[in-house]
Amino acid sequence: MSEVGVTEAGKEDAAELERALRAVGNAGRAASAKAYLKSDLEFAGVAVPAMRAQVALWCKNCGGLDRERLTAMVRALWASPLYESRQSAALLLERNVRLLEVADADLVEYLLRNSGTWALVDGLAANVAGDLAERFDAMAGTLDRWAVDSNFWIRRSAMLALLRPLRRGGGDFDRFARYADAMLEEKEFFIRKAIGWVLREVAKRRPELVASWLGPRVHRASGLTVREAVKPLPPQVRDQLLAGYRAKRPVSS
């Protein structure tokens, strides 16, 4: 995020947290994380649990956090070239997501659009956009728009924003199914993986629903999607779906 819209107060808060992050960093971890994520950002070498701890400590000692202060700090953290600052911005939003309003979907979308890695996208999509989607009906239109966006990270986010209630056995499976059906033949790894991931989580509680949806489409899906989706299914159903995938033919329920 550029300096535009970043306040002095936000910069001060972000700088305080960034100093704490750098203090617990590790040069070896920094080099390996940078190589693993193939990122041009600077890395301090802080593991996610340690980042969560620093974010929690900052929140405990900050003297009070409201929506304005939260979003200002997030913008300032995201403007930093340090990867851990951006990750901490996502973690800060996750921890304080109930301070956000539906209007903050624009900020979340900006962060998603400028993440460039699953390591930033997935938490923002599932836990921040997902929370907004559960609390605000107006998010449905936003997710519908995301699902047809040219940016595959945004399309992935549309599906992952539906994950949490689906994982609990509820949620809007019909909306996810519409998105997934439209993306089923995409070549992008992170789209194929997301479809399989969500289907796998749904299948843990509602295996019949996943089997009945995937069966007629299994010949169109990628192997990655199918292998993920069928993991929790009963062996006989799993084998039928895998056989249908290999033969490139639909499977009737």
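Up top you'll find the structure we're talking about.
Residues numbered from 1 in each chain as written. Predicted model: local features only at pLDDT ≥ 70, side-chain atom pairs only at ≥ 80, totals over all residues. Heavy atoms only, no water.

For the rest of this paragraph, the subject is the packing of aromatic side chains. This structure, assessed with the given rule, holds seven aromatic pairs. Note on Phe-152 and Phe-190: the rings are 6.3 Å apart at their centroids and 10° apart in plane angle, and the pair reads as stacked. Here Phe-152, found in helix H9 (residues 152–160), pairs with Phe-190, found in helix H12 (residues 189–203); they are 38 residues apart in sequence, far enough to count as distant. Look at Phe-152 and you get partly exposed, because its relative accessible area is 23%. Judged by centre distance (4.7 Å) and plane angle (40°), the rings of Trp-153 and Phe-190 are tilted. Of this pair, Trp-153 sits in helix H9 while Phe-190 sits in helix H12, and the two are 37 residues apart along the sequence. Phe-190 matches Trp-153 in its accessibility class, with the two residues each being buried. (Phe/Tyr/Trp six-rings, centres within 6.5 Å; stacked < 30°, edge-to-face > 60°. Helix = DSSP H or I, 4+ residues; strand = E, 2+ residues; numbered from the N terminus. Buried < 20%, exposed > 50% of the residue type's maximum accessible area, 1.4 Å probe, protein only.)

Take the nonpolar core next. In terms of nonpolar packing, the biggest core is built from 85 residues, with Leu-92, Met-159, Phe-176 and Ile-195 touching the most fellow members. Excluding residues within four positions of it along the chain, Met-159 makes contact with Phe-176, Tyr-179, Ala-180, Met-183, Ile-191, Ala-194, Ile-195 and Val-198. (Core = buried A, V, L, I, M, F, W, Y, C linked by side-chain atoms within 4.5 Å. Contact = heavy atoms within 4.5 Å.)

On the secondary structure map, Gln-87 appears in helix H5 (residues 83–95). Here Gln-87 falls in the buried class, since its relative accessible area comes to 7%. With near-sequence residues (within four places) excluded, Gln-87 lies in contact with Met-51, Ala-119 and Leu-120.

Disulfide: a covalent bond formed between the sulfur atoms of two cysteine residues. Under the definition given, this model contains zero disulfides. With no disulfide of its own, Cys-59 has Cys-62 as its nearest cysteine by sulfur position, at a separation of 5.8 Å. Residue Cys-59 is classed as buried on the basis of its relative accessible area of 16%. Judged by its relative accessible area of 14%, Cys-62 falls in the buried class. (Disulfide = S-S within 2.5 Å.)

Time to look at the environment of Ala-243. Mapped onto the fold, Ala-243 is located in helix H15 (residues 235–247). In sequence terms Ala-243 and His-219 are 24 residues apart; their C-alpha atoms lie 9.7 Å from each other.

Turning our eyes to something else, we now look at the pattern of salt bridges. Counted according to the given criterion, the structure contains 28 salt bridges. Here Glu-8 makes a salt bridge to Lys-11, at a shortest N to O gap of 3.4 Å. Note that Glu-8 and Lys-11 are positioned in helix H1 (residues 8–23) at a spacing of three residues, about one turn of the helix. Residue classification places Lys-11 among the partly exposed positions, given a relative accessible area of 31%. Two residues, Arg-155 and Glu-186, come together in a salt bridge whose shortest N-O distance is 2.8 Å. Of this pair, Arg-155 sits in helix H9 while Glu-186 sits in the loop between helix H11 (173–183) and H12, and the two are 31 residues apart along the sequence. Glu-186 carries the same exposure label as Arg-155, and that label is buried. (Salt bridge = Lys/Arg side-chain N within 4 Å of Asp/Glu carboxyl O.)

Next up on the list: the packing of helix H7 (residues 118–135) against helix H8 (residues 139–146). In the contact formed by H7 and H8, the axes pass within 8 Å of each other and the chain directions differ by 135°. Considering their axes alone, H7 and H8 lie oblique with respect to each other. Mapping the contact onto sequence places Ala-129, Leu-132 and Ala-133 in H7 and Met-139, Leu-143 and Trp-146 in H8. Among the residues making up the contact of H7 with H8, the classes are represented as six nonpolar, no polar and no charged. (Axes fitted to C-alpha atoms, helices over the stretch in contact; angles between N-to-C directions. Parallel < 35°, antiparallel > 145°, perpendicular 65-115°, else oblique. Nonpolar A, V, L, I, M, F, W, Y, C, P; charged D, E, K, R; others polar.)

Counted as a void, the largest pocket has a volume near 380 Å³. Lining of the largest pocket is provided by 23 residues; of these, Val-48, Met-51, Tyr-83, Gln-87 and Ala-119 occupy positions nearest its centre. Breaking the lining of the largest pocket down by element, the ones donating at least two residues are helix H2 (27–37), helix H3 (48–61), H5 and H7. When residues of the lining of the largest pocket are assigned to their parent elements, the largest contribution, seven residues, is made by H7. Of the residues that constitute the lining of the largest pocket, the class distribution is 14 nonpolar, four polar and five charged. (1 Å grid on protein atoms, 1.4 Å probe; cavity = no way out; pocket = protein on both sides within 12 Å on 5 of 7 lines; lining within 4 Å. Points joined across faces, edges and corners; volume = space filled by probe spheres on them.)

In short, the description is geometric, and any link to function would need to be established separately.
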